Amino acid sequence: MKIRLLLPLSLMLALLAWAALSWPLPLHVTSAVTVSSHGGDGGDIQPMMPSDALQLLYYYQLVKEWVTGATPIFYNLYEFNVGNDEERYFPGGYYLPFSLIYALGASLLGQAFGMNLAVIVSLWFTVLGTWLLVRRYVEDEWIAALFGVFAIVLPYRWITQFDASPTGFAMMWVPFIFLGLDKAVRDGSIRGGLLSAATLMLAYVGDVHVFFFSVLATPAWCLLALTMKSSIPGRWSHRFLTLFKALLAVAVGAVLVVFVVRFQSAMLEETHMAGGRSLGEVRLFSPTKDGFFEWKPSTASAQVYLGWPLAGLLAAGGLAAFVLAARRPRHESRRLFYWSLLMAGAALAAILALGPHGLRHGGLFGLVRELIPPYAMIRQAGKIFCLMPTFMAVAGALSLSALIRVAPLGSWWRTFCLCAFSAVLIIGYTVLSSPVLTRLQETQGAYLAVVEDAQAQGMVPRAVVVTLWPGDSHLASVYQHFALAHHVRLVNGYSPAFSSAYFENVFLRFYNINQGYLEDEQIDTFLSWGVGHLILHEDMYPEKVAPFPVTFAIRGFLEHPRLQFLKQDGAVWAFRMLEKPRSDSADSLVRFPFVKTWNAFLSARHWEMERSRIENAEHVEDFAASGGAYLAMNRPDAVVNLSPTGVPPAPELRWLIRARGEGELQAQVHENDETMFIQTVAVQSSDWVWIPIYAPVSSYAEIGLRLEHVAGAVNLDSALLTAGKWLFLKPGESLKIPAPSFFHAGFTDLGSGHLVFRREYEPRRVIFYGPKMPFAPGEYDVRFSFDSSADEGVVLGMLHVETDWNAKQGPVYPVVAGRPLYVHLDVTNNLPVNLLFDYFGNADMTVDHVEFTRKR
């Protein structure tokens, strides 16, 4: 088949496969992109999901900025920028040519179309390159077409593609690298050598993993090609000279590889990846051997899935090839030998893909890391599967060809084999895909407010975003997306190889900003860098970053005398940093008086005593205790240490310790092993009670708690850290907790103080929970106060009430539009109680408060 027919046919097949694998993405090709290869249900598409897709999109859009002249070429100004733009000059390939394909598509129909166009082109050229390679080994064009499509439906290919890994895009070069080598070795083609060398360099630009493994496989593929019949005429001396000329470009490329690897290693010395990945880290991200034949979505093992149909084809084809070689050894032995070596190489790659889970506890993997030092930089051992679609396409094509030729049953047998294996392989792999889509948003009001405010002051827009991460969190991909859209230079950034200098001089230095606490000296430093604004994403604030929900940070920023609130757009808040305190700082919440009701700061820090660092204390199993166990502090040398945690200066900051017995403890609050406060704690109760231990810190601190036995016998169960007003209600008393004070997604409406959930933006899962605080035993009425414009009877979600702290179980109540929700709660112990709202996304809604009233 001529190339003029092959091009449109391969494009058509690629488009059909893409549509089937990515459905329903074709319906949203100009507005949405994939963020994950599995977990989608084809329903509503949540906007702006933090992901590697947004991270890759950031770099694609950056290239578009250079092309259009909006940003100076090779300047990455909008991440990890601490004031010096010249430090952000980074020449590089930036995922060419896919970033240029994106730029073209984005210029025509927007960012989402640009991203999807780059995906389609990558899949198309994978089909084309594999088709061209396979038909050098089989004469049947239909078989070559089948395995061209096979190369893009093999799970590892679309997993990496839909997870937006650069590997998924750059894998299109692998068949062209081997095609060029094949032409050079078997035909003596100089063009083949040039094709291989050029695509190797493009692979490096596209993804270092594809480049690295392709380089390792290059000598092996040359040896493989030598086993097949050569078309180079003449004696061995002439053949050798022809071969040398053909591979000269590849050899020159190999020399360049050495310099590239050295340069790459030198750059990584300045990052947290210096020294390579530990085997423990690699083990966490490596597949296991059962993943070869058992589909395990959402796990690393899904990367190596091949399936039984492919194994059956290879086994049957291998047997057929052996029979053919026995019949006609002169013509078929060479094919059998080639097939055997190719399968041996694929088996080796499969073993290495398991990493530390491979044969003999990963002994071969460890040896390869020792022999090839750059291999130690690889975190995901399964990345070697970037070669597998090409390996399996050629091996599968040879197997199917042998299976057809071994039985002289006529054309019906060929048709049957082609149809059968097309169905079981192509359809079998395709139905496994269930991509998650996200809708792109190209503007954000809070970021725009920062730009307008900075321009009004004659400043370059620069900001720091809360949450501030070490540099490797995918949540920062959302920050970067909006920052680039509005040309805001961010202190934040997201990179798998972030610099150690950023981690030490930015993250560790300013981490306390995550907790709503910002010192004057820190503001002065930011201003000296030209960073004049702070941005907070209310809906991206996980528990691990702070001891309290995001409400504490919002209140801290609103009250801060050197922060001026600018604008809120949905869940994003913008503030200006001030040279001097505001004149209205004495009454900073006049505009939003209800914020002062956010005075119950719920706990995100919980310790089980028996799982803490203990000395000479007895571990006692007890089903009624938190976590099913407690500590008996009966000896004079009994000690328990609670791990340190970062805390801001919060009102009435304290641990609550669940204890019982008759005796005394000494509580030592310490920071970096230096004692800050000492308190004697008396315990006099046969029932479990919660005892406060206060920690009145005046600035951000990493504090821990040490409890030592003093006298008597005391049992210690668990502890939590809280602040503000929390009451153990008496009969007849009520406690109303504003909805924003809970752990939540959505955003707080500053006009009303309500928490707002929008069906277009919120995920379909638990998006509101708390208080995770203890209540005195008794009977309670709980009111979940909400509102929605939906028709009466529409189920908005389910409210799970966890009355069993250990089992995380309890009754479930539907939240229905137009119907008040009252829950009767019978608290039999004083362990924490938790309410969780599972949002269905059937309508927009607001939550005002949750009120607890103790009846008796």
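In case you missed it, the structure is sitting above this.
Note that the structure is predicted; figures quoted are calculated from it, not measured.

Helix and strand counts for the chain stand at 22 helices and 28 strands. Computed over the C-alpha atoms, the radius of gyration of the chain is 31 Å, within 12% of the 29 Å expected from 2.2 N^0.38 for a compact globule of 856 residues. With the C-alpha coordinates of the chain rotated into their principal frame, the extents come out at 100 × 65 × 60 Å. Expressed as a percentage of the 856 residues in the chain, the buried residues total 57%. Taking all contacts inside the chain whose residues are at least 6 apart in sequence as the whole, residues at least 24 apart take part in 76%. Accessible surface, the chain as shown: approximately 35000 Å² in total, 59% of it carbon and sulfur.

Of all 5 residues making up strand β1 (residues 32–36), 5 are buried, and the element is well covered by its neighbours. With 4 bridges joining them, β1 and strand β3 (residues 436–439) adopt antiparallel strand pairing. Residue pairing across strands places T34 opposite L437, the latter belonging to β3.

Right, let's talk about the side chain of N116 for a bit. Checked against the element boundaries, N116 lands in helix α4 (residues 111–134). Each residue touching N116, except ones within four places of it in the same chain, is listed here: L25, V29, A32 and V33.

Moving on to the nonpolar core. One finds F147 and W221 to be the most contacted residues of the largest nonpolar core, which totals 192 residues. At 14 residues, α4 tops the list of elements feeding residues into this core. Those residues in contact with W221, other than ones at most four positions away along the chain, are L133, Y137, F178, L181, D182, Y338, L342, F391 and V394. I767, F775, V782 and L796 belong to the second largest nonpolar core, which has 43 residues in total.

Below, the discussion takes up unusual backbone geometry. Following L96, the chain continues into P97 via a peptide bond in cis, with omega recorded as 0 degrees. Here P97 shows up in the loop between α2 (52–68) and α3 (98–109). For the bond running from G770 to P771, omega is 0 degrees, close enough to zero to count as cis. Positive phi, close to 60 degrees, is recorded for N616, a residue that is not glycine. Among the structural elements, N616 can be located in the loop between β11 (613–615) and β12 (618–621). Positive phi outside glycine occurs at K772, with the angle close to 55 degrees.

Turning next to the sheet that holds strand β27 (residues 832–839). Strand order in the open sheet formed by 5 strands is β19-β22-β27-β24-β25, with antiparallel pairing between adjacent strands. Strands at the two margins of the open sheet, each flanked by one partner only, are β19 (743–744) and β25 (812–816).

Below, the discussion takes up the pattern of salt bridges. Per the stated rule, a full pass over the model turns up 23 salt bridges. For R462, the salt bridge identified is with D85, shortest N-O distance 3.1 Å. Note that R462 is positioned in strand β4 (residues 462–466) and D85 in the loop between α2 and α3, a separation of 377 residues in sequence. Accessibility assignment for this pair places R462 and D85 in one class, buried. A salt bridge links D85 to R489, with the shortest nitrogen-to-oxygen separation between them at 3.1 Å. With a gap of 404 residues between them, D85 in the loop between α2 and α3 and R489 in strand β5 (residues 489–490) connect regions that are remote in the sequence.

Between its first and last C-alpha atoms helix α14 (residues 329–353) spans 35 Å; for 25 residues at 1.5 Å apiece the expected length is 36 Å, and the two agree. Of the residues making up α14, those classed as buried are E332, R335, L336, Y338, W339, L342, A346, A349, A350, L352 and A353. Just downstream of α14, G355 is the residue with a positive phi angle, here 60 degrees.

What follows deals with the packing of helix α8 (residues 173–187) against helix α10 (residues 208–227). The contact between α8 and α10 brings their axes to 9 Å, and the two run at 30 degrees. For the element pair α8 / α10, the angle class is roughly parallel. As α8 runs across α10, the sense of the crossing is right-handed. Here V174, I177, F178, L181, D182, V185 and R186 of α8 come into contact with α10, specifically with V210, S214, A217, T218, W221, C222, A225 and L226. The residue inventory of the contact of α8 with α10, partitioned by class, reads 11 nonpolar, 2 polar and 2 charged.

On to the side chain of T722. Structurally, T722 can be placed in strand β17 (residues 701–724). Ignoring any residue separated from it by four or fewer positions in sequence, one finds T722 in contact with F548, F601, E652, L653, R654, L656 and M773.

Aromatic rings considered in pairs are described by the distance between their centres and by the relative angle of their planes. Counted by the stated rule, this structure contains 59 aromatic pairs. Both rings, one in Y156 and one in F385, keep their centres 6.2 Å apart while their planes meet at 70 degrees; by these two values the pair is edge-to-face. Here Y156 is found in helix α6 (residues 155–162), whereas its partner F385 is found in the loop between α15 (359–371) and α16 (388–406), with 229 residues between them in sequence. F385 shares its class with Y156; the two are buried. Measuring from ring centre to ring centre gives 5.9 Å for F757 and Y839, while their planes differ by 45 degrees; the resulting arrangement is tilted. In this pair, F757 sits in strand β21 (residues 755–757) while Y839 sits in strand β27, placing the two residues 82 residues apart along the sequence. When its relative accessible area of 0% is taken as the criterion, F757 is described as buried.

So, on to the sheet that holds β5. Taken together, the 5 strands give an open sheet; going across it, the order is β5-β4-β6-β8-β7, and neighbouring strands pair in mixed fashion. A single partner strand is all that each edge strand has here, and the edge strands are β5 and β7 (563–569). Here 4 bridges tie β4 to strand β6 (residues 533–537), and the two strands are oriented parallel to one another. Across the sheet, the residue bridging to A463 is H533, located in β6.

Let us now look at the state of the cysteines. Simply put, the disulfide is a covalent bond whose two ends are the sulfur atoms of two cysteines. Scanning the entire structure with this criterion turns up 0 disulfides. Left without a disulfide partner, C417 is nearest to the cysteine sulfur of C419, which lies 9.5 Å away.

What follows concerns the environment of F240. By secondary structure assignment, the location of F240 is in helix α11 (residues 236–268). Taking the relative accessible area as the measure of exposure, F240 reaches 61% and is therefore exposed. For F240 and K183, which are 57 residues apart along the polypeptide, the C-alpha to C-alpha distance reads 14 Å.

What follows covers the pairing of β6. Strand residues, when the strand is regular, have side chains that alternate between the two faces of the sheet. Taken across its 5 residues, β6 has 5 buried, putting it largely inside the fold. Here β6 shows a buried face lined by H533, I535 and H537 and a second buried face lined by L534 and L536.

Let us look at the packing of α2 against helix α19 (residues 476–486). Contact pair α2 / α19: the axes reach a minimum separation of 9 Å and the direction vectors enclose 20 degrees. As judged from the angle between their axes, α2 and α19 are roughly parallel. At the point where α2 passes α19, the crossing takes the left-handed sense. On α19, the residues touching L54, Q55, L57, Y58, Q61, L62 and E65 of α2 are S477, V478, Q480, H481 and L484.

Another point: the environment of V82. Relative to the elements of secondary structure, V82 occurs in the loop between α2 and α3. Note on V82: relative accessible area 25%, which makes it partly exposed. Separated by 449 residues in sequence, V82 and V531 have C-alpha atoms that sit 7.6 Å apart. With residues near it in sequence (within four places) discarded, V82 still touches E87, V491, V506 and W529.

Conventions used here
- The residue count restarts for each chain, going from 1 along the sequence in the order it is written.
- With pLDDT at 70 or above as the cut-off, local features in this predicted model cover only qualifying residues; side-chain atom pairs require 80 or more to be listed or tallied, and sums for whole chains, interfaces and linings still use all residues.
- As a rule here, side-chain values cover all heavy atoms of the structure and leave hydrogens and water aside.
- Numbering of helices and strands runs from the N terminus, with a helix taken as a DSSP run of H or I at least four residues long and a strand as a DSSP run of E at least two residues long.
- Only C-alpha atoms enter the radius of gyration; for comparison, a globular chain is expected to reach 2.2 Å times N to the power 0.38, where N is the number of residues.
- Buried means the residue's accessible area, taken with a 1.4 Å probe over protein chains only, is under 20% of the maximum for its type, while exposed means over 50%, and partly exposed covers the values in between.
- Only heavy atoms enter the contact rule, under which two residues are in contact if any of them lie within 4.5 Å.
- Accessible areas in this description were obtained via Shrake-Rupley with a 1.4 Å probe; residue shielding takes into account the shown protein chains only.
- Pairing between two strands is assigned when DSSP locates at least 2 bridges connecting them.
- The definition of a nonpolar core used throughout is a set of buried Ala, Val, Leu, Ile, Met, Phe, Trp, Tyr and Cys residues joined through side-chain atoms within 4.5 Å.
- Every case where a carboxyl oxygen of Asp or Glu lies within 4 Å of a side-chain nitrogen of Lys or Arg is listed as a salt bridge.
- Expected span, for any helix, means 1.5 Å times one less than how many residues it has.
- Axis lines are fitted through C-alpha atoms, for helices just across the contact stretch, and the angle between N-to-C directions can take any value from 0 to 180 degrees.
- Angles below 35 degrees are treated as roughly parallel, those above 145 as roughly antiparallel, those between 65 and 115 as roughly perpendicular, and all remaining angles as oblique.
- Take the far helix as the reference: if the near one is turned anticlockwise from it by less than a right angle, the crossing is left-handed, and if turned clockwise, right-handed.
- Only Asp, Glu, Lys and Arg are considered charged in this grouping, and only Ala, Val, Leu, Ile, Met, Phe, Trp, Tyr, Cys and Pro are considered nonpolar; every other residue, Gly among them, is considered polar.
- The rule is short: rings of Phe, Tyr and Trp, with Trp giving its six-membered ring, pair when the centres are within 6.5 Å, and they are stacked under 30 degrees, edge-to-face over 60, tilted in between.
- Disulfide: a pair of cysteine sulfur atoms within 2.5 Å of each other.

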